[in-house]
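One letter stands for each residue in the lines below.
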Amino acid sequence: MASVAESEFTLASRRRRFSRRRLGRIAAPYVLLAPAAAVVAVVLAYPLYLLGKMSFEKYGLFELIRHKGRWIGTANYSSIFHDAEFWRVVLRTIAFTAVCVSLTMVLGTAIALLLLQVGRVMRVALTTGLVLVWAIPTIVAVDLWRWMVDFEFGVANWTLTKLQLGDFIRHDWFANPWTGFGVFTALIVWGAIPFVSITVYAGLAQVPHELLEAAAIDGARPWAAFREVTLPLLKPIFVILTSLSIIWDFQVFQQIWVMLDGRPNSDYYTMAIYAFHESFQISEYGLGAAIAVVMVMFMFAATLVYLRQMLRTGEVR
Amino acid sequence: MAELEFIHVNKTYGGDTPAVRDLNLQVEEGEFVVLVGPSGCGKTTALRMVAGLEEISSGEIRIGDRVVNELAPRDRDIAMVFQNYALYPHKSVYDNLAFGLRMRKVPKEEQRKRVEEIAHKLGLADMLERRPAQLSGGQRQRVAMGRAIVREPKAFLMDEPLSNLDAKLRVQMRAEIARIQKALHVTTLYVTHDQVEAMTMGDRVAVMRDGILQQVDTPQHLYDAPANLFVASFVGSPPMNIFEAAVDADGTRLVFGETQLDVPGRVLREYAGRRVAVGIRPEEVREASSWDGARVRGSVLLVEALGAEQLVHIEVAATPLERADLVDAAAQPPGPSLGVEDLERSVTLLGRFDRHLLLTPGEAVEVAIDPRLLHFFDLETGLALPTVDAPLVAGVAG
Amino acid sequence: MSSVTQIAPTPVAPVVTRPRARKRLRKAGWNALGLLVLVVMVFPVYWMVATAFKPGHDILSYTPQWFPAHPTLSNFTDAVHQPFFWDAVKNSLIVVSVVVALSLALAFLAALALAKFNFYGRKGFIVIILGVQMVPLAALIIPLYILMSRLGQVDKLSGVIVMYLTFVLPFAVWTLRGFLLGVPKELEESAMVDGATRFGAFVRILLPLVGPGLVATSIFAFIQAWNEFIIAYVFLHTPEKQTLMVWLASFTTLRGTDWGPLMAGATLCALPVIVFFLLVQRRIAFGLTAGAVKG
């Protein structure tokens with residue numbers, strides 16, 4: 001009687017204490033995540049949503065002052081899709097990205113393979129050199145390339161003329177957008193190679209040497225072993241690097257903007273520059289937003305591939 | 001004509017101590033030779049030199065009648081089974097098996113025939129489409145073997161292929177490998193650190209230590225007539241009991257603790273007045289009730305019931321071996337530490353006793369030791385003293 | 001037949017193998033190629049630094065002078081005396097230190113949650129963390145500007161700091177999570193058995209053990225915050241508020257192309273990052289692709 005009531009009482013209080021402690025434990029991760037999540041939500045998630053919303057609005061100077069856009073449906077999109085300039089920019093961006101990414105991956109992998117072949121001293125020297133290049137901030141890189149291709153005293157013109165590849169004296173690399181983009185390609189690929197080389201090299205070093213020994217015993221010559229054993233094992237790394245490179249190179253903005261003193265002519269527009277120009281220079285934020293949304297859509301495919309590969313390699317548990 | 005031969009082979013890495021020292025070994029055609037020894041003894045290095053995965057510092061290795069020192073692995077016509085199997089993870093079992101044939105440009109039809117035949121023989125026929133990750137340890141092992149077999153090489157090289165398997169599977173695969181080798185009659189050089197594996201599988205066993213070949217012989221000979229203290233302590237499980245004793249002035253008697261044993265023959269004549277190392281196998285340490293000869297008194301420390309027999313640890317008055325570096329470190333039974341009065345003056349003998357005997361720890365016991373079954377070794381060099389029963393050819397041979 | 005070897009082998013004259021001359025030649029060839037690649041890659045950096053040390057007339061010559069014959073520090077003093085240089089240094093330092101400190105704290109907490117707890121939405125959060133790094137900044141800058149101007153955070157270092165945090169956090173959380181996963185659970189558990197609370201175990205046991213991870217993350221945050229240009233460019237209008245990268249970018253518009261001081265300024269801006277990069281290079285490549293290759 002009394003004992004039954006007692007035991008019921010202790011059971012109930014224990015249950016209460018138990019659930020409060022459990023509640024604390026369940027809430028803990030969310031509490032820990034909250035500050036970081038808040039920052040990301042405010043600065044990233046909300047603006048993303050804003051971006052989408054603005055692309056459907058007219059947002060000029062007037063709207064900027066009033067802090068509110070005017071809904072115009074898909075008018076922004078139809079205006080850019082009907083604009084030949086827009087499609088030129090899209091094509092240019094795609095072509096530029098394709099060239100940059102291909103060169104980066106091919107040259108980067110070649111250098112990684114070279115790292116495998118050279119002696120230890122040279123390997124350390126080469127890796128250090130690569131890291132040095134990797135460390136150069138983008139703006140600094142722009143400045144030093146600007147100096148190298150200077151039309152009057154730049155070392156590029158002098159060297160090319162000396163190598164008898166043509167007369168490059170006083171050659172302005174940016175007068176012609178083709179040569180101009182050539183410079184940008186060189187600049188970007190130069191800066192991007194170290195990351196690819198070092199990552200691929202790390203991957204090459206992770207290939208179990210027993211597999212290569214087994215292949216050698218099985219009769220495979222070095223190139224066959226590379227093709228049959230090493231490459232398939234490196235596939236995940238290549239997928240990650242290529243999709244990252246696409247994502248980064250598609251967004252190129254600073255290099256062109258700073259090199260051309262913030263006044264690139266329309267032949268130099270990439271999608272990022274085009275969006276920026278429309279927004280901040282013409283104050284058509286709605287149009288700029290629409291262009292930006294299309295940009296994000298383009299990169300979405302590459303992002304999906306990247307995410308899928310990262311998840312698949314067991315990074316997410 | 002030996003199928004595989006090491007001639008004065010040395011291997012040194014940089015300026016360190018040599019990994020393999022003056023190795024001379026012949027493997028006859030169709031023979032199964034096991035290289036065994038503790039880790040770091042050079043057995044794997046020796047194997048890899050045959051495969052061409054390590055450079056030979058000096059000496060020659062011949063396969064068939066060709067000197068292969070300068071040949072790349074793929075030109076040596078050998079096949080290797082690795083400890084971790086080294087199966088190509090992104091290829092199917094079929095492609096793994098066929099890889100070697102493909103590299104040698106064997107026509108597709110022929111490839112298919114050979115792969116399917118081997119797969120069938122190894123019980124892999126319905127797994128040909130699977131990837132290694134989807135196979136069990138034993139199945140992967142069989143694929144590794146199949147990959148070697150399908151190439152019909154001059155020799156098999158096996159680098160501890162069973163180490164990654166659990167105990168029961170290991171026993172099973174041991175027999176399978178031995179059977180396959182017998183059926184195919186392929187020259188095989190097999191490396192392991194497990195002396196049980198070595199003894200059960202090899203036609204001949206080569207014991208190595210610190211890069212030096214200690215002895216190569218049939219398993220039974222190794223057991224019965226070990227050439228030195230290391231081989232004596234390494235081969236046999238549970239390991240041989242080893243201790244020090246004094247020889248009397250005539251060279252006819254062995255003295256240790258309170259015991260004096262008459263030793264027939266001329267074995268100890270050379271060592272009169274000196275000390276020797278003595279070895280006796282656990283199964284020769286018997287319960288003394290029906291023994292006429294000398295007895296050794298001791299007390300029971302521990303009884304381990306094995307079911308079919310008992311392993312009894314008996315503390316006996318004798319001097320332990322001082323030169324511990326002469327024996328296999330891993331094989332020594334744990335010394336009697338807790339509960340023993342005088343560590344300098346007692347030795348634990350392991351005896352294999354009949355399971356029906358009732359023995360309790362602390363009990364005094366008498367063991368019978370037949371002097372004719374004792375092994376004697378020089379205390380300085382560790383070399384075995386020649387006995388009447390197993391005359392040894394001292395010195396370098398072969 | 002049994003064969004016995006003595007323990008001490010008698011010395012045998014070693015059979016000397018032929019010197020592998022062809023192999024050595026091949027190696028030399030690869031090394032030469034490596035040297036060529038090294039020179040080509042590093043040349044631009046060398047050229048920048050060399051120019052920074054050359055006096056003006058040596059720079060402005062039609063034939064390039066490969067080594068500075070009369071090295072001088074005048075370009076550096078010139079650059080440093082530019083208006084707003086020290087303001088820019090101050091601003092960059094403020095931004096960078098706050099970003100590093102805050103990102104470490106927030107990322108550690110978030111990484112704890114992701115690594116040590118199993119909760120609803122965990123996988124989704126991880127996907128978001130990875131995916132968020134992919135959003136193009138150039139696209140985002142537009143609504144960001146709108147948002148920040150509504151919040152009155154334009155032309156303010158605080159606004160820039162918060163934005164930088166957002167771009168640094170995902171990678172920081174990811175890296176620290178990786179490090180935390182590497183710490184065996186038994187350590188926390190034994191601490192709790194010994195009397196610590198869960199959180200106490202986190203701070204006292206885990207935090208010190210992921211020291212290297214904290215160092216790597218802080219260096220990464222430093223580099224990101226130091227190098228960033230677009231946000232600083234768009235949001236910081238008054239020259240007194242600008243960071244070093246913006247200062248450097250506006251150098252040419254202010255001075256025309258005064259190459260010597262420009263190169264000197266560029267070298268100075270790159271220096272801290274180079275130093276830190278050399279400290280942390282191996283971690284970065286490894287962290288991004290660890291486990292990608294399976295064998």
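Note that the structure is a prediction, hence the values are computed from the model and not measured.

Participant: Looking at this structure, how should I read the overall build of chain A?
Facilitator: Each helix and strand in chain A was counted, giving 13 helices and 2 strands. Against the 2.2 N^0.38 benchmark of 20 Å for 317 residues, chain A shows a C-alpha radius of gyration of 28 Å, more extended than a compact globule. Expressed as lengths along the three principal axes of its C-alpha atoms, the size of chain A is roughly 110 × 75 × 30 Å. Out of the 317 residues belonging to chain A, those deemed buried represent 45%. The contacts in chain A between residues at least 6 apart in sequence include a share of 64% that link residues at least 24 apart.

Participant: How should the interface of chain B and chain A be read in this particular structure?
Facilitator: Accessible area lost on assembly of the parts is the figure often given for the size of an interface. Counting residues at the interface gives 16 residues for chain B and 13 residues for chain A. Those elements that provide at least two residues to the side of chain B that touches chain A are β6 (78–81) and α2 (93–103) of chain B. Partitioned by chemical class, the residues of the side of chain B that touches chain A number 11 nonpolar, 3 polar and 2 charged.

Participant: Would you take a moment to explain the pairing of strand β10 (residues 212–217) of chain B for this structure?
Facilitator: Side-chain direction in a regular strand flips from residue to residue, so the side chains alternate between the two faces of the sheet. Residues and elements named next belong to chain B. For β10, the buried fraction is high: 6 of the 6 residues fall into the buried class. Two strands pair when backbone bridges link them, and strand β9 (residues 204–209) and β10 are joined in this way by 5 bridges, in the antiparallel orientation. Counterpart to Ala 206 in the pairing with β10 is Val 216. As consecutive antiparallel partners, β9 and β10 are separated by 2 residues, and within that stretch Asp 210 has a phi angle of approximately 50 degrees, a positive value.

Participant: Honestly, helix α10 (residues 222–250) of chain A in this entry has me stumped. Any pointers?
Facilitator: Its 29 residues give α10(A) an end-to-end C-alpha distance of only 36 Å, which falls more than 12% under 42 Å, the value for a rise of 1.5 Å per residue. Remark: the principal bend of α10(A), roughly 45 degrees, maps to A:Leu231, with a proline, A:Pro232, within the next four residues.

Participant: Would you take a moment to explain the interface of chain A and chain C for this structure?
Facilitator: Across the boundary between the two partners, chain A contributes 83 residues, which contact 82 residues of chain C. It is helix α1 (residues 2–55) of chain A that contributes the most residues to the side of chain A that touches chain C, 16 residues altogether. A class-by-class count of the residues in the side of chain A that touches chain C yields 65 nonpolar, 15 polar and 3 charged.

Participant: How do you make sense of the environment of C:Phe222 when you look at a structure like this?
Facilitator: Residue and element names in this part refer to chain C. Tracing the chain through its elements places Phe 222 in helix α10 (residues 211–227). Separated by 127 residues in sequence, Phe 222 and Val 95 place their C-alpha atoms 9.4 Å apart. With residues near it in sequence (within four places) discarded, Phe 222 still touches Val 96, Val 100 and Phe 276.

Participant: For this particular structure, what's the right way to read the nonpolar core?
Facilitator: A general trend in soluble globular proteins is that nonpolar side chains are found buried together. In this structure, A:Ala36, A:Ala275, C:Ala110, C:Ile142 and C:Val173 are the most contacted members of the largest nonpolar core, which totals 297 residues. The biggest single contributor to this core is helix α4 (residues 85–116) of chain C, with 16 residues. Those residues within four positions of C:Ile142 in sequence are excluded, and the remaining contacts are A:Leu51, A:Ala275, A:Ser279, A:Tyr285, A:Gly288, A:Ala289 and A:Ala292.

Participant: Help me out: how do you make sense of the sheet that holds strand β15 (residues 286–287) of chain B in this one?
Facilitator: Paired through backbone hydrogen bonds, the strands of a sheet run either parallel or antiparallel to each other. Residues and elements named next belong to chain B. Strand order in the open sheet formed by 5 strands is β15-β19-β16-β17-β18, and the pairing between neighbours is antiparallel. On the outer flanks of this sheet lie β15 and β18 (346–354), each paired with one strand and no other. As paired elements, strand β16 (residues 295–305) and strand β17 (residues 309–317) share 7 bridges and run antiparallel to each other. Across the sheet, the residue bridging to Leu 302 is His 313, located in β17.

Participant: Looking at this model, I keep getting lost on the sheet that holds strand β11 (residues 241–247) of chain B. Mind explaining?
Facilitator: Residues and elements named next belong to chain B. Strand order in the open sheet made by the 5 strands is β13-β12-β11-β14-β20, with antiparallel pairing throughout. Edge positions in the sheet fall to β13 (259–262) and β20 (375–377), since each has one partner strand and no second. Taking the axes of each pair of neighbouring strands and ignoring which way they run, one obtains an average angle of 40 degrees across the sheet. Here strand β14 (residues 275–280) pairs with β20 via 3 bridges, running antiparallel. When the sheet's bridge partners are listed, Gly 279 is paired in β20 with His 375.

Participant: Hey, could you run me through unusual backbone geometry in this one?
Facilitator: If a residue is not glycine, its phi is most likely negative; likewise, a peptide bond is most likely trans. All names here are of chain B. Here the residue pair Ser 237 and Pro 238 is connected by a cis peptide bond, since its omega of 0 degrees sits within 30 degrees of zero. Within the secondary structure, Pro 238 sits in the loop between α8 (229–234) and β11. If you check the backbone angles, His 8 has positive phi at about 50 degrees while not being a glycine. Within the secondary structure, His 8 sits in strand β1 (residues 4–11). The class for His 8 is partly exposed, based on 16 C-beta atoms found within 10 Å.

Participant: Quick question: what am I supposed to make of the domain arrangement of chain C here?
Facilitator: Residue and element names in this part refer to chain C. For chain C, the assigned domains read domain 1 (19–72) and domain 2 (83–287). Here the C-alpha centroids of domain 1 and domain 2 sit 34 Å apart. Contacts between the two partners involve 7 residues from domain 1, matched on the other side by 6 residues from domain 2. Those elements that provide at least two residues to the side of domain 1 that touches domain 2 are α1 (21–52) and α2 (56–59). Counting residues per element, the side of domain 1 that touches domain 2 draws most heavily on α1, which supplies 4 residues. Partitioned by chemical class, the residues of the side of domain 1 that touches domain 2 number 4 nonpolar, 2 polar and 1 charged.

Participant: What's the story with the confidence of the model for chain C in this structure? I'm lost.
Facilitator: Regions with low pLDDT should not have their predicted coordinates read in detail. Averaged over all residues, the pLDDT of chain C is 80; the fraction at 70 or higher stands at 86%. Taken over the whole predicted complex, pTM reads 0.78, whereas the ipTM for its chain interfaces reads 0.81.

Participant: When you look at the domain arrangement of chain A in this model, what are you seeing that I'm missing?
Facilitator: According to the domain assignment, chain A contains domain 1 (2–54) and domain 2 (83–312). Inter-centroid distance (C-alpha atoms) of domain 1 of chain A to domain 2 of chain A is 45 Å.

Participant: Could you clarify how one ought to interpret the pairing of strand β12 (residues 253–256) of chain B in this entry?
Facilitator: Residue and element names in this part refer to chain B. Residues Leu 254 and Phe 256 point to one face of β12 and are all buried, whereas Arg 253 and Val 255, pointing to the other face, are not buried. Of the pairings in the sheet, the one linking β11 to β12 comprises 2 bridges and is antiparallel in character. Residue pairing for β12: Ala 246 is matched across the bridge by Val 255. Between β11 and β12, which pair antiparallel and follow one another directly, the connecting turn spans 5 residues, one of which, Gly 251, has a positive phi of 80 degrees. Pairing analysis gives 4 bridges linking β12 to β13, with the strands arranged antiparallel. Across the sheet, Arg 253 pairs through a bridge with Asp 262, a residue of β13.

Participant: For this particular structure, what's the right way to read the environment of B:Thr360?
Facilitator: Following the sequence through the fold, B:Thr360 ends up in the loop between β18 and β19 (364–368). Once the C-alpha coordinates of B:Thr360 and B:Val300 are considered, the two residues, 60 residues apart in sequence, prove to be 6.7 Å apart.

Participant: Help me out: how do you make sense of the packing of helix α4 (residues 137–149) of chain B against helix α5 (residues 167–184) of chain B in this one?
Facilitator: Helix packing for two helices is described by the angle between their axes and how far apart those axes are. Residues and elements named next belong to chain B. Following both chains from N to C, one finds α4 and α5 inclined at 15 degrees, their axes separated by 11 Å at the closest point. The orientation of α4 with respect to α5, classified from their angle, is roughly parallel. Two packed elements cross with a definite hand, and for α4 against α5 that hand is right-handed. Listed contacts from α5 to Gly 137, Gly 138, Gln 141, Met 145 and Ile 149 of α4 are Leu 169, Met 173, Ile 180 and Leu 184.

Participant: Sorry, what's going on with the packing of helix α4 (residues 84–117) of chain A against α10(A) here?
Facilitator: Residue and element names in this part refer to chain A. Running from N to C, α4 and α10 point in directions that differ by 140 degrees, and their axes come no closer than 9 Å. Of the possible angle classes, the one that applies to α4 and α10 is oblique. In this structure, α4 crosses over α10, and the sense of that crossing is right-handed. Across the interface between the two elements, Thr 93, Thr 97, Cys 100, Val 101, Thr 104 and Met 105 of α4 pack against Leu 241, Thr 242, Ser 245, Ile 246, Asp 249 and Phe 250 of α10. Tallied by class, the residues present in the contact of α4 with α10 amount to 6 nonpolar, 5 polar and 1 charged.

Conventions adopted
Residues numbered from 1 in each chain as written. Chains lettered and ligands numbered in written order. Predicted model: local features only at pLDDT ≥ 70, side-chain atom pairs only at ≥ 80, totals over all residues. Helix = DSSP H or I, 4+ residues; strand = E, 2+ residues; numbered from the N terminus. Rg over C-alpha atoms; globule rule 2.2 N^0.38 Å. Buried ≥ 20, exposed ≤ 12 C-beta atoms within 10 Å, placed from the backbone. Contact = placed C-beta atoms within 7 Å. Nonpolar A, V, L, I, M, F, W, Y, C, P; charged D, E, K, R; others polar. Pairing = 2+ DSSP bridges. Expected span 1.5 Å × (residues − 1). Bend = angle between axes of the 7 residues up to and from the residue. Core = buried A, V, L, I, M, F, W, Y, C linked by C-beta atoms within 7 Å. Axes fitted to C-alpha atoms, helices over the stretch in contact; angles between N-to-C directions. Domains from an automatic or database assignment. pLDDT = per-residue confidence, 0-100. Parallel < 35°, antiparallel > 145°, perpendicular 65-115°, else oblique. Left-handed = near helix turned anticlockwise from the far one by under 90°.

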